[in-house]
Amino acid sequence: MNNKKILFINACDRPDSRTKRLADALLSRLKGEVTEIRLADEGLTPLSYEELMRREACIAAGEYDDPAFRYAKAFAGADEIVLAAPYWDMSFPSEVKVFVERISVRGLTFTFTPQGEPVGLCRAKRLWYVATMGAEGLPFDYGFGYIKGVCGVYYGIPEIRLISACGLDLDGRDAEAIIAEKEREISEMPSD
Ligand SMILES: Cc1cc2nc3c(=O)[nH]c(=O)nc-3n(C[C@H](O)[C@H](O)[C@H](O)COP(=O)(O)O)c2cc1C
């Protein structure tokens, strides 16, 4: 039995989401136990000043039992992570950023050296970012690029990979065929 813990962060709210289809294809290739956090079901809100102060007090006291830390603990403890988010407004749905605010907890997902350098505390060796885009040729810098930055610099996850399908909403494109082809590619990826 494979006890690898896979965390699936699902930001695909739309019924029949194409991004979710690709994420499912990927998850079926990964070996381990999958825990899903479907962001739309979590009622996530941006971190308020009061929550921030409470969080800082807990961190200062070294107390991490508060339920507010559950996302950071799940993220830090995962062996592999899949984050699926459609391409929205050159980035991702805002709930993804709110989730990042919730997992960026000093002492759980990262810490600082005495010189002020961030050091990752996350277990995961790899994070997959899965996205689909209506157009094509637009930059992934502000969605995938941001996740790559925060996961690499703060959380210490060494390998961040992108799986994407583009052009799904362009006139004359067969979105179903594009997705089916990408599912096939995923099914043929070497497993490791
Ligand atoms: C709110 C919103 C914003 C979007 N912004 C963009 C965009 O900036 N560029 C683009 O090419 N497509 C954009 N799209 C289209 C989606 O990227 C595309 O339809 C994608 O495949 C949706 O994924 P889904 O099927 O998983 O929901 C947007 C769609 C929505 C609903």
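The text that follows walks through the structure, step by step, so that each part is easy to find. Here the structure is a predicted model, which is why all the values come from computation and not from measurement.

Scoring rules and cut-offs
- Residues numbered from 1 in each chain as written.
- Predicted model: local features only at pLDDT ≥ 70, side-chain atom pairs only at ≥ 80, totals over all residues.
- Heavy atoms only, no water.
- Pairing = 2+ DSSP bridges.
- Helix = DSSP H or I, 4+ residues; strand = E, 2+ residues; numbered from the N terminus.
- Axes fitted to C-alpha atoms, helices over the stretch in contact; angles between N-to-C directions.
- Contact = heavy atoms within 4.5 Å.
- Near = heavy atom within 4 Å.
- Polar contact = N/O pair within 3.5 Å; in protein donor to acceptor, adjacent residues only side chain to side chain.
- Areas by Shrake-Rupley, 256 points an atom, 1.4 Å probe, with all protein chains shown as cover.
- Nonpolar A, V, L, I, M, F, W, Y, C, P; charged D, E, K, R; others polar.
- Buried < 20%, exposed > 50% of the residue type's maximum accessible area, 1.4 Å probe, protein only.
- Right-handed = clockwise from strand over helix to strand, strands pointing away.
- Parallel < 35°, antiparallel > 145°, perpendicular 65-115°, else oblique.
- Core = buried A, V, L, I, M, F, W, Y, C linked by side-chain atoms within 4.5 Å.
- Arc of directions from axis to C-beta.

Here we look at the sheet that holds strand 2 (residues 33–38)
Two orientations exist for strands paired in a sheet by backbone hydrogen bonds: parallel and antiparallel.
Reasoning step 1: Strand order in the open sheet formed by five strands is 2-1-3-6-7, and the pairing between neighbours is parallel. Looking at which strands have only one partner, the edges of the open sheet turn out to be strand 2 and strand 7 (159–165). Looking at each pair of strands side by side, their axes are set apart by 15° on average, direction ignored.
Reasoning step 2: Where strand 6 (residues 126–132) and strand 7 come together, seven bridges link them in parallel fashion. Note on strand 7: the bridge partner recorded for Arg126 is Glu159.
Reasoning step 3: Contacts between helix 3 (residues 70–77) and the sheet are confined to strand 1 (5–10), strand 2, strand 3 (80–84) and strand 6, with strand 1 contributing the most and set at about 130° to the helix.

With respect to the site of the ligand
Reasoning step 1: Around the ligand, the structure places 16 residues, and the nearest of them are Ser17, Thr19, Tyr87, Thr132 and Asp169.
Reasoning step 2: Between the ligand and Ala135, the relevant distance is 2.8 Å, taken from an oxygen atom to a main-chain nitrogen or oxygen of the residue.
Reasoning step 3: When isolated, the ligand has an accessible area of 640 Å², and the protein chains bury 74% of it.
Reasoning step 4: Of the residues that constitute the shell around the ligand, the class distribution is eight nonpolar, four polar and four charged.

Overview of the pairing of strand 1
Reasoning step 1: By the criterion of burial, strand 1 is predominantly enclosed, with five of the six residues buried.
Reasoning step 2: By the bridge criterion, six bridges tie strand 1 to strand 2 in an arrangement that is parallel. Bridge pairing in strand 2 places Asn10 opposite Arg38.
Reasoning step 3: Crossover strand 1 to strand 2 through helix 1 (residues 18–29) is right-handed.
Reasoning step 4: Note that strand 1 and strand 3 share five bridges and pair parallel. Residue pairing for strand 3: Leu7 is matched across the bridge by Ile81.

Notes on the packing of helix 3 against helix 4 (residues 94–103)
Reasoning step 1: Axis separation between helix 3 and helix 4 bottoms out at 7 Å; the angle between their running directions is 85°. It follows that helix 3 is roughly perpendicular to helix 4 by the angle criterion. Touching Tyr71, Ala72 and Phe75 of helix 3 are Phe99, Arg102 and Ile103, all from helix 4.
Reasoning step 2: When the residues that make up the contact of helix 3 with helix 4 are grouped by side-chain class, the tally is five nonpolar, no polar and one charged.

Things to note about helix 3
Reasoning step 1: Every buried residue of helix 3 is accounted for by Tyr71, Ala72, Phe75, Ala76 and Gly77.
Reasoning step 2: Where helix 3 is buried, its residues touch strand 1, strand 2, strand 3, helix 4, strand 6 and helix 5 (144–154).

Structural notes on the environment of Glu117
Reasoning step 1: With respect to the helices and strands, Glu117 occurs in the loop between strand 4 (110–112) and strand 5 (118–120).
Reasoning step 2: Expressed as a C-alpha distance, the spacing of Glu117 and Tyr154, which sit 37 residues apart in the sequence, is 9.1 Å.
Reasoning step 3: Excluding its chain neighbours within four sequence positions, the residues that come into contact with Glu117 are Thr111 and Phe112.

Observations concerning the nonpolar core
Reasoning step 1: Within the largest apolar cluster, 41 residues are counted, with the highest numbers of intra-cluster contacts made by Phe75 and Ile157.
Reasoning step 2: Only strand 1, helix 2 (49–61), helix 3, strand 3, helix 4, strand 6 and helix 5 provide two or more residues apiece to this core.
Reasoning step 3: Among the elements that take part in this core, helix 4 stands out by supplying five residues, more than any other.
Reasoning step 4: For Phe75, the residues in contact, after removing those within four places along its chain, are Leu7, Ile9, Ile81, Phe99, Ile103, Thr109, Cys122, Leu127, Cys151, Tyr155 and Ile157.

As for helix 5
Reasoning step 1: Every buried residue of helix 5 is accounted for by Phe144, Ile147, Val150 and Cys151. All buried residues of helix 5 lie within an arc of 135° about the axis, which places them on one face of the element.
Reasoning step 2: Looking at the packing, one finds that the buried side of helix 5 touches helix 3, strand 3, helix 4, strand 6 and strand 7.
Reasoning step 3: Note on helix 5: the residue one or two positions beyond its end, Gly156, has a positive phi of about 75°.

Geometry only, nothing functional implied.
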